[in-house]
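Each chain, written out:
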Amino acid sequence: MKQVIVHPERCVGCMQCMLACAAAHSKTGALISAISESPRPKPRIHVGAGLYDEGFPNRCRHCNPAPCQMACLPGAIYRQTTTNTVLINPDVCINCASCAMACPYGVIRYHADPLGPAGKTIAVKCDNCIARQHKGLIPACVEVCKVGALTFEEMDAAMKKKTDQVARSMSAEAIAADHAPGFSLLNTIKRAQKEINLSR
Amino acid sequence: MTHHHNYTITKDGQLLIKKMESDQVETVWDRHAAQQPQCGFCDLGLSCRICAMGPCRVDPFGEGPQQGVCGADADIIVARNLCRMIAAGAAAHSDHGRDLVEVLAEVAENKAPGYAITDTEKLNRVAAEYGIAADGKTPEQVAGELAHAMQEDFGTRKKELALVTRAPEKRQQLWRKLNIMPRGIDRETSEAMHRTHMGVDNGWQSLLLHGLRNALSDGWGGSMIATEVSDILFGTPKPAPTKVNAGVLKADQVNVVVHGHNPVVSEMVMAACQDPEMTKLAEEKGAKGINLCGLCCTGNELLMRHGIPMAGNHLMTELIIATGAIEMMIVDYQCIMPALSKVAACYHTKMISTSDKARFPGMEHVEFHPDNARKKAYDVVKAAIENFANRGETYIPVEPLDAVGGFSVEAVVGALGGTPEPLLDAIKAGKIRGAAGIVGCNNPKIKHDYGHVTLTKRLIENDILVVDTGCAAVATAKAGFKVADAISHAGPGLKEVCGSLGIPPVLHFGSCVDNVRILVLAAALANALGTDISDLPLAGAAPEWYSEKAVSIGAYVVASGIYTVLGPMPPIAGSMNVVELLTKGLGEVVGATFAVEPDPEKAAVLIRGHIENQRRKLGLDATEV
Ligand code: SF4
Ligand code: SF4
Ligand code: SF4
Ligand code: SF4
């Protein structure tokens, strides 16, 4: 089963994933029309700034067992096993925020949702774009990410790739491969600037 | 999976895309696909790269930042970005005009061998508008004084540009009242860059108003000078037959293609190609002659004045190289995709860049200046002939189509018997409902030529006379709308009028800078009626625009009082305030607005509706649309 995998070291912080996620969870589905909808659709993935202001796409990990699910007394949170997705039933949610307190990643937000009950504030989080997946599409955030910071793949294959990558970096003859020197330079500069700022 | 039918409506385009696919050469559509999805912030106009506290972006969903580091909100950021697009477009057109004035000045000093004053009558007429008397002077003396006076238009020494007096009196007063009368061509662009610097003009309305003034400095300044001086130097266009599409290339001749915008280069290349010495050389190398063809606007310039055939418009510029039949492509500036040399490297085509301000990777640079252009032209044409020996297999996919170009205002008024009255009479009688100027580029976001051709077809069916320029003009020529017989596509009234004059229902008005010919004609019609341009049953459209120049054109057309429908959405949707001002509010300010409608069928309905409305307001018969 394919899952969204985050490669934070590649994120350029363009926030495209946020726009695409919000548009995918809007009534009209297109960015330009979505921004004038009411309530305004909001992203379920959030790009945060790291220690050196580098981008970091933060999204629900669909943990198993899921702390949010265990914290939800009314039982609004459940797992769709076919896609391994932790979902929230908006009709059952009582907006108690227990799930957010339990979530170690802070990915649950509370607002009225274009696709939820009208006027009701509910807990909202990443749903792995199951509506898109049912249409044969991959999650919107993965589709828009032009730098491969988000991928949609089999966990086993992804882990194998990661293992090989780490193994290569450990071998004696390792030549550090820099896939995006400009980006590394930018990050180096950002880091240096931050360090200068912090040391003053 | 191939999609070449989805990319273009043209047969030559489809066949050449297919060939490039099998040759495994990338096209603009491949690169466009690889860019998808494009950045939403930039698309909405919500990213700002103006200063180094940034780059900044405003979250259109209201969740993230709502202002840049400096505090600029969505309205300010969008307005600044748009203003800068206008400034870039106006700068491009006006710098092109400046190059022509420079040639005029050097012709006056006898320092530009090969160039001459071709239309002395026009020289004297334009000089008179600048207050320069011609009597007792040689054309060179007049040219020298005119060049000097025009150079002053570029600076800041005047309160108003010279040629704005061509606009109706009411329009000029409105511009003065709004404080958007253009003062100096360079001044307005410079001021646009100043105002959009961090911490200067943060009134999004005042920014946009200055954008209009900057655009007017292009339309009634830089572009108008470019057209007038080109006419003086190279001749005022008269209707002449030509051929269009990829079929204009000849399998047995040396094919030389000029691409870009500046006739200063292409006119000299033409002279070299037509020299019998060169033809002889070509024959010695086994070719049956030299075939000069055009692309984009430098092609339009040559087509309008000399009937040089036209190989294609913007999105055809890469494809045409894949014919394998082009010995040399000579480029100057604007709209030349840096990808061209990569494509050319897959075939035998030699690429030559010619302008001191435009370099391209992988092209040989042969710099043309007024004093050496003639010699350089011979050098490159010789090299093209030499390259004929390197030709491999060629693939010229279609037969060329006939077209007529060369409709300057002078030619149109001439065809009407010396005054615009007969055209006005036909409009008053309702045989012609009104006129539309269809202009602008191609954009891979819109199926190639579909917007231009569909809109034109619907308008002429509705008895609306179409005048067009630039890539739009090439598109309709390739669709067969630019021959006298094309009146069969027109509605009964337009058919009758064009039929009796022996002209097509779609008139080729020239290159993109030649949009000013449309302004001059509109002003003449308004003056003949004693009214303002905004009262006339006119409309503008740019169904497939892509360039910053097109943004400037759209802005000066609207500021001149002509309702304009755009195909692609400009990057302004991040500020609904800006969108509303441009599509509604401007009506109360300058008497015209923009509309955005990517579907040309619907755009045609908008234009017909607008024209009927204008007729009603003028007290002419009007139908409900
Ligand atoms: S689209 Fe990709 S690179 Fe851009 S912010 Fe999102 S995760 Fe980062
Ligand atoms: S807010 Fe909703 S989802 Fe969260 S614990 Fe309460 S009921 Fe459950
Ligand atoms: S919301 Fe948080 S706790 Fe719940 S499954 Fe997702 S990541 Fe885990
Ligand atoms: S001008 Fe303002 S909005 Fe633009 S980059 Fe600078 S700080 Fe950001």
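Values in this document were obtained by computation on a predicted structure and should not be read as measured data. Residue numbers restart at each chain and count upward from 1, following the sequence in its written direction. By the order in which they are written, chains take letters starting at A while ligands take numbers starting at 1. Residues qualify for local features only when their pLDDT is at least 70, as the model is predicted, and side-chain atom pairs are given and counted only at 80 or more; totals for whole chains, interfaces and linings, by contrast, use all residues. To obtain the side-chain values, all non-hydrogen atoms of the structure were included, while hydrogens and water were left out.

1. As for helix α7 (residues 139-154) of chain B
Owing to its 3.6 residues per turn, the α-helix brings residues three or four apart onto one side. All names here are of chain B. For α7, spanning 16 residues, the distance from its first C-alpha to its last is 23 Å, which sits close to the expected 22 Å at 1.5 Å a residue. In this scheme, a residue with accessible area under 20% of its type's maximum is buried, one over 50% is exposed, and one in between is partly exposed, where area comes from a 1.4 Å probe on protein chains only. A run of DSSP states H or I qualifies as a helix once it reaches four residues; a run of E qualifies as a strand once it reaches two. Both are numbered from the N-terminal end. Considered for burial, the residues of α7 that qualify are Val142, Ala143, Leu146, Ala147, Ala149, Met150, Asp153 and Phe154. Contacts are residue-level and defined by heavy atoms, with any inter-residue pair within 4.5 Å sufficient. Buried positions along α7 lie against α5 (74-108), α6 (120-129), α9 (185-195) and α10 (204-234). Working rule for helices: expected span equals 1.5 Å times residues minus one.

2. Side note on the interface of chain A and chain B
Put simply, an interface is often sized by how much accessible area is lost when its parts join up. Facing the 20 residues of chain A at the interface are 16 residues of chain B. Salt bridges are defined as contacts in which a side-chain nitrogen from Lys or Arg sits within 4 Å of a carboxyl oxygen from Asp or Glu. Our count for the chain A to chain B interface comes out at zero salt bridges. Among the elements that make up the side of chain A that touches chain B, the one with the highest residue count is helix α1 (residues 16-24) of chain A (four residues). Taken together, the residues that form the side of chain A that touches chain B break down as twelve nonpolar, three polar and five charged. For this classification, Asp, Glu, Lys and Arg are treated as charged, while Ala, Val, Leu, Ile, Met, Phe, Trp, Tyr, Cys and Pro are nonpolar and the rest, including Gly, are polar.

3. Remarks on the UniProt feature "binding site: [4Fe-4S] cluster 1" (unreviewed entry) in chain B
UniProt positions are given in the numbering used here, feature names are shortened, and annotations may be inferred rather than shown by experiment. Under the UniProt annotation, the feature "binding site: [4Fe-4S] cluster 1" (unreviewed entry) is placed at Cys39(B). Along the chain, the position of Cys39(B) falls in the loop between α3 (28-34) and α4 (40-43).

4. Let's talk about the packing of α5(B) against α9(B)
Residue and element names in this part refer to chain B. Angles run from 0 to 180 degrees between N-to-C directions of axes, and those axes are lines fitted to C-alpha atoms, restricted for helices to the stretch in contact. For the pair α5 and α9, interaxial distance at closest approach is 9 Å and the crossing angle is 155°. Considering their axes alone, α5 and α9 lie roughly antiparallel with respect to each other. Considering only the axes of α5 and α9, their crossing is left-handed. Contacts between α5 and α9 pair Cys83, Arg84, Ala87, Ala90, Ala91, Ser94 and Arg98 from the former with Ile185, Asp186, Thr189, Ala192 and Met193 from the latter. Of the residues contributing to the contact of α5 with α9, the split by class is seven nonpolar, two polar and three charged. Throughout this description, any angle smaller than 35 degrees is read as roughly parallel, any larger than 145 degrees as roughly antiparallel, any in the 65 to 115 degree range as roughly perpendicular, and the remainder as oblique. Working rule for handedness: look at the near helix, and if it is turned counterclockwise from the far one by less than a right angle, call the crossing left-handed; if clockwise, right-handed.

5. A look at the layout of surface pockets
Residues and elements named next belong to chain B. The method works on a 1 Å grid over the protein atoms by themselves. A cavity is a set of points holding a 1.4 Å probe that cannot get out, a pocket is an open set with protein on both sides within 12 Å along at least five of seven lines, and residues with an atom within 4 Å of a point line them. Grid points are joined across faces, edges and corners, and a volume is the space filled by probe spheres set on the points. A volume near 1,400 Å³ is recorded for the largest pocket. Around the largest pocket, the lining is made up of 42 residues, and of these Asp43, Met85, Lys445, Tyr546 and Pro571 lie nearest the centre. Broken down by secondary-structure element, the contributors of at least two residues to the lining of the largest pocket are α3, α4, β1 (47-48), α5 and α22 (548-559). In terms of residues, the lining of the largest pocket owes the most to one element, α5, which gives seven residues. Its residues assigned to classes, the lining of the largest pocket shows 22 nonpolar, 13 polar and seven charged.

6. Digging into the nonpolar core
Residues and elements named next belong to chain B. Ranked by internal contacts, the top residues of the largest apolar core, which has 195 residues, are Tyr130, Trp220 and Val269. Non-local contacts of Tyr130, meaning those with residues more than four positions away in its chain, are made with Leu146, Ala149, Met150, Asp153, Lys158, Ala162, Leu163 and Ile225. For our purposes a nonpolar core is just a set of buried Ala, Val, Leu, Ile, Met, Phe, Trp, Tyr and Cys residues, chained together by side-chain atoms within 4.5 Å. Among the nonpolar cores identified, the runner-up in size contains 35 residues, and Tyr7, Val25, Ala246 and Val331 belong to it.

7. Section: a nonpolar patch on the surface
A cluster of nonpolar side chains, contributed by Met53(B), Val69(B) and Met198(B), occupies part of the molecular surface with about 270 Å² of accessible area. Mapped onto the elements of the fold, Met198(B) is located in the loop between α9 and α10. Within the patch definition used here, like charges are joined within 9 Å and nonpolar side chains (Val, Leu, Ile, Met, Phe, Trp, Tyr) within 5 Å, considering only residues with over 30% relative accessible area and no salt bridge. We get accessible surface area from the Shrake-Rupley algorithm with a probe of 1.4 Å; when it comes to residues, only the shown protein chains can shield them.

8. Structural notes on the domain arrangement of chain B
All names here are of chain B. Once the domains are mapped, chain B shows domain 1 (74-234), domain 2 (240-390) and domain 3 (406-618). Put simply, the middle of domain 1 and the middle of domain 3, counted by C-alpha atoms, are 23 Å apart. The interface is formed by 38 residues belonging to domain 1 together with 39 residues belonging to domain 3. What counts as buried area is the accessible surface, traced by a 1.4 Å probe, that two parts surrender upon association, with contributions from both included. Taking both partners together, domain 1 and domain 3 bury about 3,200 Å²; carbon and sulfur atoms supply 70% of that area. In this structure, Arg125 and Glu410 form a salt bridge, with 3.4 Å as the shortest nitrogen-oxygen distance. In the analysis that follows, any N or O atom pair within 3.5 Å is treated as a polar contact, provided that within protein one partner can donate a hydrogen and the other can accept it, and provided that, for residues neighboring in sequence, both atoms belong to side chains. Counting across the interface, domain 1 meets domain 3 through 15 residue pairs in polar contact (both at pLDDT 80 or more). Split by residue class, the side of domain 1 that touches domain 3 holds 24 nonpolar, six polar and eight charged. What counts as a domain boundary in this text is fixed by an automatic or database domain assignment.

9. Here's the deal with the UniProt feature "binding site: [Ni-4Fe-4S] cluster" (unreviewed entry) in chain B
Residues and elements named next belong to chain B. As annotated by UniProt and renumbered to match this structure, "binding site: [Ni-4Fe-4S] cluster" (unreviewed entry) occupies His261, Cys297, Cys335, Cys441, Cys471 and Cys512. A maximum C-alpha distance of 12.9 Å places the annotated residues, which cover 252 residues in sequence, within one compact spot. Narrowing the list just given to those that line the largest pocket leaves Cys335. Looking at the element boundaries, His261 is found in the loop between β4 (254-259) and α11 (263-274). On the basis of relative accessible area, His261 is assigned to the buried category, the value being 4%. Setting aside chain neighbours within four positions, we find His261 in contact with His96, Cys297, Thr298, Glu301, Asp332, Tyr333, Gln334, Cys335 and Lys549. Within the fold, Cys471 resides in helix α19 (residues 470-478).

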